[in-house]
Structures are given as structure tokens and as C-alpha cells.
Amino acid sequence: MDIRQLRYFVTVAEEANFTRAAARLHLAQPGVSAQVRQLEKELGHQLLDRSGRSVTLTEVGEAVLPYARAAISAVEAVRQTADEFTGLLRGQVTLGLVAGAAAAAHEFDLATVLARFHVDHPQVEIALTEETSEWMLTALRRGELDMAMIGLADAEPPPGISLQDLVDEPLVAAVAPDDPALTSPDRTNIPLAELRDRPLISLPRGTGIRGVLDHACAQAGFQPRIAFEAAAPLFLAQLAARGLGVAVVPALPADTVSAFGLRTLEITEPRLRGRVALAWRTDGPTSPAATVVLELLRTTLTVPGTG
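Below you will find a few notes about this structure.

Calculation notes
- Residues numbered from 1 in each chain as written.
- Predicted model: local features only at pLDDT ≥ 70, side-chain atom pairs only at ≥ 80, totals over all residues.
- Heavy atoms only, no water.
- Core = buried A, V, L, I, M, F, W, Y, C linked by side-chain atoms within 4.5 Å.
- Buried < 20%, exposed > 50% of the residue type's maximum accessible area, 1.4 Å probe, protein only.
- 1 Å grid on protein atoms, 1.4 Å probe; cavity = no way out; pocket = protein on both sides within 12 Å on 5 of 7 lines; lining within 4 Å.
- Points joined across faces, edges and corners; volume = space filled by probe spheres on them.
- Helix = DSSP H or I, 4+ residues; strand = E, 2+ residues; numbered from the N terminus.
- Nonpolar A, V, L, I, M, F, W, Y, C, P; charged D, E, K, R; others polar.
- Contact = heavy atoms within 4.5 Å.
- Salt bridge = Lys/Arg side-chain N within 4 Å of Asp/Glu carboxyl O.

It is worth spelling out the nonpolar core at this point. Across soluble globular proteins, nonpolar side chains show a tendency to be buried alongside one another. Leu192 and Ile267 are the most contacted members of the largest nonpolar core, which totals 34 residues. The next biggest cluster of nonpolar side chains, apart from the first, holds 22 residues, and it includes Val124, Ala290, Val293 and Leu301.

What follows is the structure, encoded as C-alpha cells:
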């Protein structure tokens, strides 16, 4: 057996599906299946039950899994220890981005930070994944991500996760100039209750901003009427400009508001805020490369006006 076979086996066990495991490994599914079968042949036991809709561990597979994980960790530790003596960083760092974080990246120029890191450490591969905040929190706990930029729906971090705020700004209702909410040309805010019967345009479920909206509406005693969902806040604003509903988005730059022909009203009673934070496991990343990237992001990405 070799370390690749063990890694493939562990990934299939975690994903409970060969296709998802192959996608996570960036490999073709038949190749993963063949290597796992070869491992089973060498051990003389079936490790995975493929008879159901999802792949499950056999009794032998359950017993073997912790040792396979330990073997993978041991090999990585050998490589990391050797690299520390040469001062070389290499390996892969996995960074998750929620859609709202990617849209707000201009606030802190993530691309430039990563480019500078790559120049200093060309042997480190950085894998970027764009997903919902809920998915990424689960992936962080499972060790599938080293760190993530997530939208926050709750004030307190989940257990085992540390946070550093990157963006903290009010949520606004973006409306077309002829929207009935504009009862006065000088109006600057709108109570949440006024959105009860309005068609809303929002980020998808699982994002921090959508979580804030859903929670606030539930507290106010109603369920929001979501007419359109999209992952990009700027696209939500464009839909609102066409009169398709009220977009609930983070505060928009003045030039964007002007270009789209929008009006924005701060949501009040209660005031809602959109937060994007850098998240990582409290016990820290497992590799030296991920540790360096995390420290770089923590020191260079700050909430505007606080760094």
C-alpha cells in the first residue's frame, strides 16, 4: 500500500461518496475507485460498503480508518519537520470565501496579499473555495479548510472557532427611485416591519447576511418574502434597480448607487449589520504553511479604520 491509497480511502469515508471524494482530491472518479480497491485487495478485506445510496464503512473499515488518518498525519509531519530545517514552506493551504466576502474583497485587497505570499513562498499551493458560511464552518471543524472568510449571522463564534472581524457595516434596503417606500425624498431609513409584505432580493440561505435577515424577521414575527436569491450583492442591487423588489445588501459605495440609479435606506428597528470575519479552528492550523498564511491574513486584513 502507499500513502495515496490511504488518503483516497479516508477522503471517500469522509465524503460517503466516490464522486465527491474525487472532486475534493481533484482527480477522476475511476482512478480513486481503482486505488481504493487495490488497497482492499492488499489488505484482504472490504473497507467500504458500496451497496447503498451512499458509501459506508464496513466493520473492518471502521477499525482501519483511525490508523489511516494517523499514517497520513505522520507522513505530513515528516515532510514538515524536514522543511523546517531548510526554512522552506510548501504544501497546500485551503482558504474558503463566502460570496459576500469575495464581493467585499476590494475593502482589503485579498488578491494582492495572496500574490505577495506566493512570491515569497512559491512552493505553497493555495486552494480557494467559494461556499456558504454554514458549509465552511463545518469544513473548518472537519479540517477540510485551514481558514475561511465567512459572513456572520450570530454575535458569538461557534464552539472551537476563532474569529477576527474584517467588515462590519449596516445592512440597507436598496430600492428603485420610484419605489413606494420612498414616501419622502429626504427619507434615509426604513423600519424592518415595513418589509413584511414586500418582495425581497437577498443572498442565499447559509450566508451570514441571509442569516441576519431571517433571524431579525423571525424576531419581528414574520417570514421574509424572498423573490430573488443570488450570490453576488451587486447583482442583487441591479435586480432592485429594475423594480423587482427590495434588495437587502451591505451598504453600497456611492458611485454604485448612482450608477444603478438606486436609493438606499438603512434598515432600522432593529438596525441590522453585515459582518465578514476571518475564521479558523481555535487550536490552529495543522501545517506550518497554513500557520504563516493565517498570521499574514490576520495582520494585513483589518476592518477599515481599525488597523
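More follows now that the structure is in view.
This part is about the layout of surface pockets. Taking a probe equal in size to a water molecule and rolling it over the atoms shows the remaining empty space. Taken as a whole, the largest pocket spans an internal volume of roughly 1,600 Å³. Forming the walls of the largest pocket are 42 residues, and the residues nearest its centre are Arg7, Glu76, Gln92, Thr94 and Gly143. Taken together, the elements giving at least two residues each to the lining of the largest pocket come down to α1 (3-15), α2 (18-25), α4 (59-86), β3 (91-97), β4 (124-130) and α7 (133-142). Here the lining of the largest pocket takes eight residues from α4, the largest share from any one element. Taken together, the residues of the lining of the largest pocket sort by class into 12 nonpolar, 12 polar and 18 charged.

This paragraph deals with the environment of Gly96. Its place among the elements puts Gly96 in strand β3. A C-alpha to C-alpha distance of 15 Å links Gly96 and Ser162, two positions 66 residues apart in sequence. Residues within four places of Gly96 in sequence aside, it is in contact with Thr129, Met136, Leu145, Met147, Ala148 and Met149.

Now for the side chain of Thr94. Along the chain, the position of Thr94 falls in strand β3. With a relative accessible area of 14%, Thr94 lands in the buried category. Once you skip the residues sitting within four places of it in the chain, Thr94 turns out to touch Ala127, Glu144, Leu145, Asp146 and Met147.

Here the focus is the pattern of salt bridges. Taken as a whole and assessed by the stated rule, the structure comprises 17 salt bridges. Here Asp2 and Arg4 are joined by a salt bridge, their closest N and O atoms 3.4 Å apart. On the basis of relative accessible area, Asp2 is assigned to the partly exposed category, the value being 29%. We classify Arg4 as partly exposed; its relative accessible area is 42%. A salt bridge links Glu144 to Arg24; the nearest nitrogen and oxygen atoms lie 3.5 Å apart. You can see Glu144 sitting in the loop between α7 and β5 (147-152) and its partner Arg24 sitting in helix α2, a full 120 residues away along the chain. Connected through salt bridges with shared partners, the residues Glu14, Glu15, Arg20, Arg24, Arg69, Arg142 and Glu144 form a single ionic network.

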